[in-house]
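Fold and geometry: a report
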Amino acid sequence: MRVAIIHDGMTNGWSPADVASVMENVHEVRIALRAAGHDVEVVPVRLGDLRWLQRCSRADLVFNLCESIGGVARYEDCVVGALELTGVPFSGCRFSAITACHRKHQANALLQLGGVPIPTFTLAQGNQLPGDFPLPAIVKPNGEDASVGIDGEAVCTTKRALKKRVARMLEQFNEVLVQAYVPGREFNVGFVGGQMLPISEISFDMMPEGTWPIVSYAAKWVPGSPEDAGTQPVCPARIPTDLARRLGAAARRAWDYLASSEGYGRVDLRVDEAGQVWVLEVNPCPDISRDAGLARMARAQGWTYEELLLRLVDEALGRAQRAAAAAATTAPAQVPSTEPQPTA
């Protein structure tokens, strides 16, 4: 099978470490797919250059590792939308899920409509916030992922601090989400299609004294930092059966509601001191590098890393086959022509 692996084509402003991070995962996927007998082509995606789309249209499958173009996360939506128009099967979530989840306030509103427990939230408009908004609150960029914009000052305990934080964030980002901070334990639930992977917990036991127990940008992307050392995953999570059941039920409801249980993703949750489960975010197409959270959950499931990647391929192909079958059953019937037929 001809497989095109697409990735951010990057720019001259990228650091060698950032380039290496992207290309390391590309090489991991390429090696695994070639070992499985596939003909693999690596295709960079660059802004203003549509040759990548032409190359993808000739493939039997696109393995989508393109989370941005030139480092701009919102362009991921455009990449997935273009892939859908080609009709070529591709790994990961559909355009609708990617688009909704990249606008956190919209995703939260949709989840609320679906009966999913979501912490109180608001979209900061011109630095104006409801006077009764609950504190403490956490401030996030509304259109970013991967903990971009989240640091040790993201959680605010006073109205003054909250207003100051929002104003500072609006200088960097177009939209800012303010969400009630949920104290308690944090969990991740991964999905490949409709299959739920073992639950993982983030242990904050080693966080530096006086810091908020949150997964900041440094915790995810600065190896060796105090935040990195202080956020240790425990997978599978050591939790009672009842809590695992409630976490799984909330995560599955959120995953199904926003992603239709297609592609792959991760749902982040917290459990407060009263035992209430809250969904923080749904993350379609999270990092799938060998040492990332989804691969860790897959290992707990008993899958090798290579098996995880091949399951993502199978999920994409199966989804395309189901879509084709559904389209065939709903296609309008051919009506016999009433025009006179020519005779010999």
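In the block above lies the structure referred to throughout.
Notes on the structure follow. (Residues numbered from 1 in each chain as written. Predicted model: local features only at pLDDT ≥ 70, side-chain atom pairs only at ≥ 80, totals over all residues. Heavy atoms only, no water.)

Some thoughts on the overall build of the protein
The condition that has to hold: Comment: elements are numbered from the N terminus, with helices defined as DSSP H or I runs of at least four residues and strands as E runs of at least two. As a reference, a globule follows 2.2 Å times the number of residues to the power 0.38, and the radius of gyration itself is taken over C-alpha atoms. Residue exposure (1.4 Å probe, protein chains only): buried if accessible area is under 20% of the type maximum, exposed if over 50%, otherwise partly exposed. In what follows, residue pairs with any heavy atoms lying within 4.5 Å of each other are defined as contacts. For every accessible area listed, the method is Shrake-Rupley and the probe measures 1.4 Å; residues are considered covered only by the protein chains on display. The convention is simple: Lys and Arg are positive, Asp and Glu are negative, and His and the chain ends are not counted. Positions of charges follow a simple convention, taking NZ of Lys, CZ of Arg, CG of Asp or CD of Glu.
When helices and strands are counted, the protein shows eleven helices and 13 strands. Over its C-alpha atoms the protein spans a radius of gyration of 22 Å, differing by no more than 12% from the 20 Å that the globule rule assigns to 344 residues. Counting only C-alpha atoms, the protein reaches 90 × 45 × 45 Å along its principal axes. Per-residue burial over the protein gives 47% buried out of 344 residues. By sequence separation, contacts in the protein at least 24 residues apart represent 69% of the contacts at least 6 residues apart. When the accessible area of the protein is evaluated, it comes to approximately 17000 Å², of which 53% is carbon and sulfur surface. Distance between charge centres in the protein, computed from 33 positive and 39 negative side chains, equals 1 Å.

Section: the packing of helix α5 (residues 104-113) against helix α9 (residues 241-259)
Going by this rule: The angle between two axes is taken between their N-to-C directions and runs from 0 to 180 degrees, where each axis is a line fitted to C-alpha atoms and a helix contributes only its stretch in contact. Roughly parallel refers to an angle under 35 degrees, roughly antiparallel to one over 145, roughly perpendicular to one between 65 and 115, and oblique to any angle outside these ranges. By the definition used in this description, the sense in which the near helix is turned from the far one sets the handedness, with an anticlockwise turn below a right angle giving left-handed and a clockwise turn giving right-handed. The classification used treats Ala, Val, Leu, Ile, Met, Phe, Trp, Tyr, Cys and Pro as nonpolar, Asp, Glu, Lys and Arg as charged, and all other residues, Gly among them, as polar.
The interhelical angle for the contact between α5 and α9, taken along N-to-C directions, is 115 degrees, at an axis separation of 10 Å. Taken together, the axes of α5 and α9 lie roughly perpendicular to each other. Along this stretch, α5 crosses α9, giving a crossing that reads as right-handed. Residues A107, L110, L111 and L113 of α5 touch α9, and the partners they reach there are A254, Y257 and L258. The residue inventory of the contact of α5 with α9, partitioned by class, reads seven nonpolar, no polar and no charged.

Things to note about the nonpolar core
The cut-off we apply is this: By nonpolar core is meant a set of buried Ala, Val, Leu, Ile, Met, Phe, Trp, Tyr and Cys residues that side-chain atoms within 4.5 Å join together.
Counting residues in hydrophobic clusters, the biggest one holds 74 residues, and the most contacted among them are I6, W52, F63, L247, V267, L269 and V279. Broken down by element, this core gets its largest block of residues, eight residues, from α9. Leave out the neighbours within four places in its chain, and L247 touches F187, I199, I239, L269, V271 and V277.

A closer look at a nonpolar patch on the surface
To be explicit about the condition: Within this analysis, patches are made of residues with over 30% relative accessible area and no salt bridge. Like charges are joined at 9 Å or less; nonpolar side chains (Val, Leu, Ile, Met, Phe, Trp, Tyr) at 5 Å or less. A carboxyl oxygen of Asp or Glu within 4 Å of a side-chain nitrogen of Lys or Arg is what we treat as a salt bridge.
Taken together, the side chains of L110, L113 and Y257 present a nonpolar region at the surface, about 310 Å² in accessible area. If you trace the backbone, L113 turns up in helix α5. Overall, L113 belongs to the exposed group, its relative accessible area being 69%.

Describing the sheet that holds strand β3 (residues 61-64)
Our working rule: Note: two strands are recorded as paired if DSSP finds a minimum of 2 bridges between them.
Spatial strand order, β2-β1-β3: three strands in an open sheet with parallel pairing. The two strands at the open ends of the sheet, each matched to only one other strand, are β2 (39-45) and β3. Sheet twist, expressed as the average angle between the axes of neighbouring strands with direction ignored, equals 25 degrees. Here strand β1 (residues 2-8) pairs with β3 via four bridges, running parallel. Bridged to I5 within β3 is F63. Sitting on the sheet, helix α3 (residues 75-86) is in contact with β1, β2 and β3, with an inclination near 170 degrees to β3.

Some thoughts on the side chain of H7
Note on placement: H7 falls in strand β1. Given the relative accessible area of 5%, H7 is considered buried. Beyond its immediate sequence surroundings of up to four residues, H7 is in contact with V22, M23, V26, V42, V43, P44, V45, L65 and C66.

A few points about the side chain of S147
Note that S147 resides in the loop between β5 (137-141) and β6 (155-156). Classification of S147 by relative accessible area gives buried; the value is 11%. The contacts of S147, once residues within four sequence positions are left out, are V215, S216, Y217 and K220.

Focus on the sheet that holds β6
Strand order in the open sheet formed by four strands is β4-β7-β5-β6, with antiparallel pairing between adjacent strands. Only two strands of the sheet have a single neighbouring strand rather than two, namely β4 (121-124) and β6. Relative to the sheet, α5 contacts β4, β5 and β7 (176-180), its axis offset from that of β4 by approximately 150 degrees. Against the sheet, helix α6 (residues 159-170) engages β4, β5, β6 and β7, with an angle of about 5 degrees to β5.

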